[in-house]
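# Report on the structure
Listed below are the residues making up each chain.
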Amino acid sequence: MFYDVLLPAPRKHLGRLFASGAAIASLAVGLGAGALTVSQSAQADDYPDHAIEFIVPWSPGGGSDALMRIISNAAPKFVGQPMPVINMPGVSGTIGLKELAQKDPDGYTVGQIHEGLMAANATGLTTLNWDDFQPIASLASSPQYLVVNADSDWKTFDEFAEYAKAHPGEIRVGATLGGIPHVHAAMIEDAIGAQFRYVGFEGTGARIRSLVGGHIDASIGDISSSLEFVKNGDLRFLAVGSKARLEQTPDVPTFRELGYDNLDMSINRGIVAPKGIDPARVETLAKDFEAMSEDPEFVDRVNKAGAEVEFMGPQAYADYLDNVDGTIERLSGKLAR
């Protein structure tokens, strides 16, 4: 395409030739810059090229830990690198998230959040909120149950509600104070017109074990943390906050069918990164997680852990978190006492 420039030219056309030469030099520079861009893109395409640390801000044994380990185990197949879980429990899940917020936003440290972060922010437990991080994807939704000790006199939710209304402040309810289990318990209080006495625990596993031991009377739990205890006869599910009865617990009624239409109680667990991460890396991880969410083996493992796979990408997840934040802010007054 440059043959006309390279042919010998009369002197009167030298100026044109020099101009053409300058154009060639400029094009060469442009090609060099293009090569650099291609090289940089190739480097970006190599992400991730080593393990990604996965901070789970809860203790081992709870619902978050169980579900995040399913994601961690599936990561090498879909992300292409290991995602080892690092448990950092404390202060309603905020210790680990504080650590995450301070990490280099290079895409090699991510963390797990759920609605509890917004509750902790609304009650002043932390200044962090969902928008201090970059949402990547939400993968798992866990319907929550009201759980009681099997030795209690409450065989149904109506019996529990009647007793709670007649004995204000007597029923000891385990909760992560300022966290989403506290929000869910407060929603039940509000719906039935009762008042509970709260006992604080760090994480689902700890309060469910305390409930089994008879140290508290009731708790909010999920299938991954509580179902085996129910099967063993240690605990009893009274109601579930899903829209319909779940396959794993077909005999447990929903709050909706008991007449409490506003008691939708689920925890949506998602993955976020430190603010400032390269958007291309966010998109890479989001696509990998979306592919993971469509894998039948992954879906089966999540279902067996008592959750549903509900994928939300970066923008959809950010919109969801923003909406939940507004709802929790309106309920924050009930959590302060």
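Residues numbered from 1 in each chain as written. Predicted model: local features only at pLDDT ≥ 70, side-chain atom pairs only at ≥ 80, totals over all residues. Heavy atoms only, no water.

Looking only at helices and strands, one finds twelve helices and eleven strands in the protein chain. Carbon together with sulfur atoms contributes 52% to the accessible area of the protein chain, which is approximately 15600 Å² in total. (Helix = DSSP H or I, 4+ residues; strand = E, 2+ residues; numbered from the N terminus. Areas by Shrake-Rupley, 256 points an atom, 1.4 Å probe, with all protein chains shown as cover.)

A few words now on the sheet that holds strand E3 (residues 109-113). One open sheet accounts for six strands, arranged E2-E1-E3-E10-E4-E11; its pairing is mixed. Each edge of the sheet is formed by a strand with only one pairing partner; in this case those strands are strand E2 (85-87) and strand E11 (308-312). Each adjacent strand pair in this sheet contributes to an overall mean axis angle of 25 degrees, direction not counted. With nine bridges connecting them, strand E4 (residues 133-143) and strand E10 (residues 266-274) associate as antiparallel partners. For Ser-138, the partnering residue across the bridge sits in E10 and is Gly-270. Those strands touched by helix H3 (residues 63-78) are strand E1 (53-56), E2, E3, E4 and E10, and its axis lies near 160 degrees from that of E2. In the packing of helix H12 (residues 314-335) onto the sheet, contacts are made with E3, E4, E10 and E11, and the angle to E4 comes to roughly 70 degrees. (Pairing = 2+ DSSP bridges. Axes fitted to C-alpha atoms, helices over the stretch in contact; angles between N-to-C directions. Contact = heavy atoms within 4.5 Å.)

Moving on, we come to the confidence of the model for the protein chain. Residues of the protein chain with pLDDT of at least 70 account for 86%, and the chain-wide mean is 86. The low-confidence segment residues 1-43 (pLDDT under 50) makes four contacts with residues lying over four places distant or belonging to another chain. (pLDDT = per-residue confidence, 0-100.)

This brings us to the sheet that holds strand E8 (residues 218-221). Sheet architecture is open: five strands sit in the order E7-E6-E8-E5-E9, paired in mixed fashion. Both outer strands of the open sheet, strand E7 (197-200) and strand E9 (235-240), are each paired with one neighbouring strand and no more. Within the sheet, the average angular offset between the axes of one strand and its neighbour, ignoring direction, is 30 degrees. Pairing of strand E5 (residues 145-149) with E9, which is carried by five bridges, proceeds in the antiparallel orientation. From the neighbouring strand, Tyr-145 faces E9, where its bridge partner is Val-240. Where helix H9 (residues 223-231) meets the sheet, its contacts fall on E5, E8 and E9, and the angle it forms with E9 comes to roughly 130 degrees.

A few words on the packing of H3 against helix H11 (residues 296-304). Orientation of H3 relative to H11, taken along the N-to-C sense of each, is 160 degrees, at an axis distance of 10 Å. Viewed along their axes, H3 and H11 adopt a mutual orientation that is roughly antiparallel. Crossing angle aside, the handedness with which H3 passes H11 is right-handed. Here H3 contributes Leu-67, Ile-70, Ile-71 and Ala-74 to the contact with H11, which in turn contributes Phe-298, Arg-301 and Val-302. Looking at the contact of H3 with H11, its residues break down into six nonpolar, no polar and one charged. (Parallel < 35°, antiparallel > 145°, perpendicular 65-115°, else oblique. Left-handed = near helix turned anticlockwise from the far one by under 90°. Nonpolar A, V, L, I, M, F, W, Y, C, P; charged D, E, K, R; others polar.)

Our next topic: the packing of aromatic side chains. In total, this model carries nine aromatic pairs according to the counting rule given. Ring plane angle 55 degrees and centroid distance 5.9 Å describe the contact between Phe-160 and Phe-196, whose orientation is recorded as tilted. Within this pair, whereas Phe-160 is found in helix H6 (residues 157-166), its partner Phe-196 is found in the loop between helix H7 (180-192) and E7, the two being separated by 36 residues in sequence. Under the relative-accessibility criterion, Phe-160 is labelled buried at 0%. (Phe/Tyr/Trp six-rings, centres within 6.5 Å; stacked < 30°, edge-to-face > 60°. Buried < 20%, exposed > 50% of the residue type's maximum accessible area, 1.4 Å probe, protein only.)

As a further point, take the pattern of salt bridges. If you walk through the whole model with that rule in mind, you get eleven salt bridges. Note that Lys-77 is salt-bridged to Asp-295, the shortest N-O span being 3.4 Å. Taken as a pair, Lys-77 in helix H3 and Asp-295 in the loop between helix H10 (279-293) and H11 lie far apart in primary sequence, 218 residues in all. In this structure Lys-77 comes out as exposed when scored by relative accessible area, which is 57%. Residue class for Asp-295 comes out buried when judged on its relative accessible area of 14%. The closest approach of N and O atoms between Asp-300 and Lys-304, which form a salt bridge, is 3.2 Å. (Salt bridge = Lys/Arg side-chain N within 4 Å of Asp/Glu carboxyl O.)

We now examine the nonpolar core. Leu-146, Phe-157, Phe-160, Ile-188, Ile-192, Phe-196 and Phe-255 are the most contacted members of the largest nonpolar core, which has 47 residues in total. For this core, the element with the highest residue contribution is H7, accounting for seven residues. Counting residues in hydrophobic clusters, the runner-up holds 33 residues, among them Val-79, Val-85, Ala-137 and Leu-139. (Core = buried A, V, L, I, M, F, W, Y, C linked by side-chain atoms within 4.5 Å.)

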